[in-house]
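Reading the structure
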Amino acid sequence: RSLLVVHFWAPWAPQCAQMNEVMAALAKEHMQVTFVKLEAEAVPEVSEKYGISSVPTFLFFKNSQKVDRLDGAHAPELTKKVQRHASSSSVSAGSNDSAKDDLNVRLKKLINAAPCMLFMKGSPKEPRCGFSKQMVEILNKHGISFSSFDIFSDEEVRQGLKTYSNWPTYPQLYVAGELIGGLDIVKELEASGELDTVCPKAQKLEDRLKILINKAPVMLFMKGSKQMAKCGFSKQIIEIMNSTGVDYETFDILEDEEVRQGLKTYSDWPTYPQLYVKGELVGGLDIVKELKESGELLPILKGEN
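Residues numbered from 1 in each chain as written. Predicted model: local features only at pLDDT ≥ 70, side-chain atom pairs only at ≥ 80, totals over all residues. Heavy atoms only, no water.

Per an unreviewed UniProt entry, the chain is named Glutaredoxin-3, and its organism is Eudyptes sclateri. Under the UniProt heading Subcellular location (unreviewed entry), the entry covering the chain gives this text: "Cytoplasm, Cytosol". (UniProt positions renumbered as here; feature names shortened; annotations may be inferred.)

Here's what the structure looks like:
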């Protein structure tokens, strides 16, 4: 019943070495938790089975079931997840009520994580049952904007949501935190024409890109984030941006394939990173380097040019 944390890592990635240190410190603090390191590239069949596409990635197991996952080098988040799962592993009978309360709070947050939330088996790109596949097809056909949660990724959520919503099967669709129902109900709503009025419509990609580009006065679209660039070009541009002292926001194009491909067409700029000031494209790394050398970068970032 105790918690097992598996770190999929690679010896060539410095962030993995950092997270190994974090894991060693957590192991001293949580003696009841088992921590394991797996070199991702040495066990390709295991990495493929659990969808490990980058390192570091952490998987959490209880009773031989995968209950959680963390992608990336996020030490505070790893600490938080270990503490949460370790404490729920050692729940005594007397504290079952508080554990139930904690789960209900978590379920409420998940249900309200997006205006339209689908709890399904698998993901919209890879549904893992026929009912979930049909549900995704209906929502996509109607241009409905929805987020999803894979109930296979968390056994606690999978079982708890059935009781919480008094609905025994999956998929389950929620709008504005309220249960709409399963596949049969959604089919009925589609047949009656009510589905389009009940569920929020997906934003057009062009509108979404405009909003993202204008999210902050200075926006950088890159691979990774300010804290951790995931390619050499993005790392170089971050170093230049940090040296200017100007505030800027970043968007990780690796997290959103639609934005990654759409922005290339929208801006007629085929590569990343891409820098925008007040909604206007400045350019990529080479242009930013040239502007820095000519002394024009700072005035442009401040909107003076």
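The omega torsion of the bond from Y170 to P171 falls at 5 degrees, within 30 degrees of zero and hence cis. If you trace the backbone, P171 turns up in the loop between α6 (155-165) and β7 (172-175). Along the chain, Y272 connects to P273 via a cis peptide bond; the corresponding omega equals 5 degrees. Checked against the element boundaries, P273 lands in the loop between α11 (257-267) and β11 (274-277). Positioned with a positive phi, N63 is a non-glycine residue whose angle comes to about 50 degrees. Tracing the sequence through the fold places N63 in the loop between β3 (57-62) and β4 (65-71). A positive phi is found at N166, a non-glycine position, where the angle reads about 55 degrees. Mapped onto the elements of the fold, N166 is located in the loop between α6 and β7. (Helix = DSSP H or I, 4+ residues; strand = E, 2+ residues; numbered from the N terminus.)

Let us now look at the confidence of the model for the chain. The predicted coordinates ought not to be read in detail in places where the model reports low pLDDT. Scored by pLDDT, the chain comes out at a mean of 89, with 95% of its residues at no less than 70. Within the model, pLDDT remains below 50 along residues 91-95, and this stretch shows 2 contacts once partners closer than five positions in the same chain are excluded. (pLDDT = per-residue confidence, 0-100. Contact = heavy atoms within 4.5 Å.)

Here the focus is the nonpolar core. Nonpolar side chains in soluble globular proteins tend to be buried together. Core analysis: the largest hydrophobic core is formed by 18 residues, its most contacted members being V218, L220, M241, L275 and L301. Among the secondary structure elements, those contributing two or more residues to this core are β9 (218-222), α10 (232-244), β11, α12 (285-294) and α13 (297-301). Residue contributions to this core peak at 4 residues, all from α10. Once you skip the residues sitting within four places of it in the chain, L275 turns out to touch V218, M219, L220, M241, E280, L281, V282, G283, V288 and L301. In terms of nonpolar packing, the next biggest core, distinct from the first, is built from 16 residues, M120, M135, I144 and V175 among them. (Core = buried A, V, L, I, M, F, W, Y, C linked by side-chain atoms within 4.5 Å. Buried < 20%, exposed > 50% of the residue type's maximum accessible area, 1.4 Å probe, protein only.)

The next point concerns the environment of G303. One can find G303 in the segment after α13. The exposure class assigned to G303 is partly exposed, which follows from its relative accessible area of 33%. Here the alpha-carbon distance between G303 and P217, two residues 86 residues apart in the chain, equals 8.4 Å.

Packing of α10 against α12 brings their axes to within 10 Å, and their N-to-C directions diverge by 30 degrees. In terms of orientation, α10 and α12 fall into the roughly parallel class. As for how α10 packs across α12, the hand of that crossing is left-handed. From α10, F233, Q236, I237, I240 and S243 reach across to α12, where they touch L285, V288, K289 and K292. Split by residue class, the contact of α10 with α12 holds 5 nonpolar, 2 polar and 2 charged. (Axes fitted to C-alpha atoms, helices over the stretch in contact; angles between N-to-C directions. Parallel < 35°, antiparallel > 145°, perpendicular 65-115°, else oblique. Left-handed = near helix turned anticlockwise from the far one by under 90°. Nonpolar A, V, L, I, M, F, W, Y, C, P; charged D, E, K, R; others polar.)

Here the focus is the side chain of Q274. Mapped onto the elements of the fold, Q274 is located in strand β11. Of the residues examined, Q274 reaches a relative accessible area of 0% and is grouped as buried. Side-chain polar atoms of Q274 contact the backbone oxygen of W269, separated by 3.0 Å. Among the polar contacts listed, one links the side chain of Q274 to the backbone oxygen of T271, at a separation of 3.2 Å. Dropping the residues within four chain positions of it, Q274 is found in contact with M219, L220, F221, L263, K264, S267, W269, L281 and G283. (Polar contact = N/O pair within 3.5 Å; in protein donor to acceptor, adjacent residues only side chain to side chain.)

Note on sheets: strands pair through backbone hydrogen bonds, and any given pair is parallel or antiparallel. Strand order in the open sheet formed by 4 strands is β6-β5-β7-β8, with mixed pairing between adjacent strands. The outermost strands of the open sheet, each flanked by one partner alone, are β6 (147-150) and β8 (178-181). On average, adjacent strands in this sheet sit at an angle of 25 degrees to one another, irrespective of strand direction. Relative to β8, β7 runs antiparallel, the two being bridged by 3 bridges. Each bridged residue has a counterpart across the sheet, and for Y174 the counterpart in β8 is L179. Along the sheet, α6 contacts β5 (116-120), β6, β7 and β8; its crossing angle with β7, the most-contacted strand, is approximately 65 degrees. (Pairing = 2+ DSSP bridges.)

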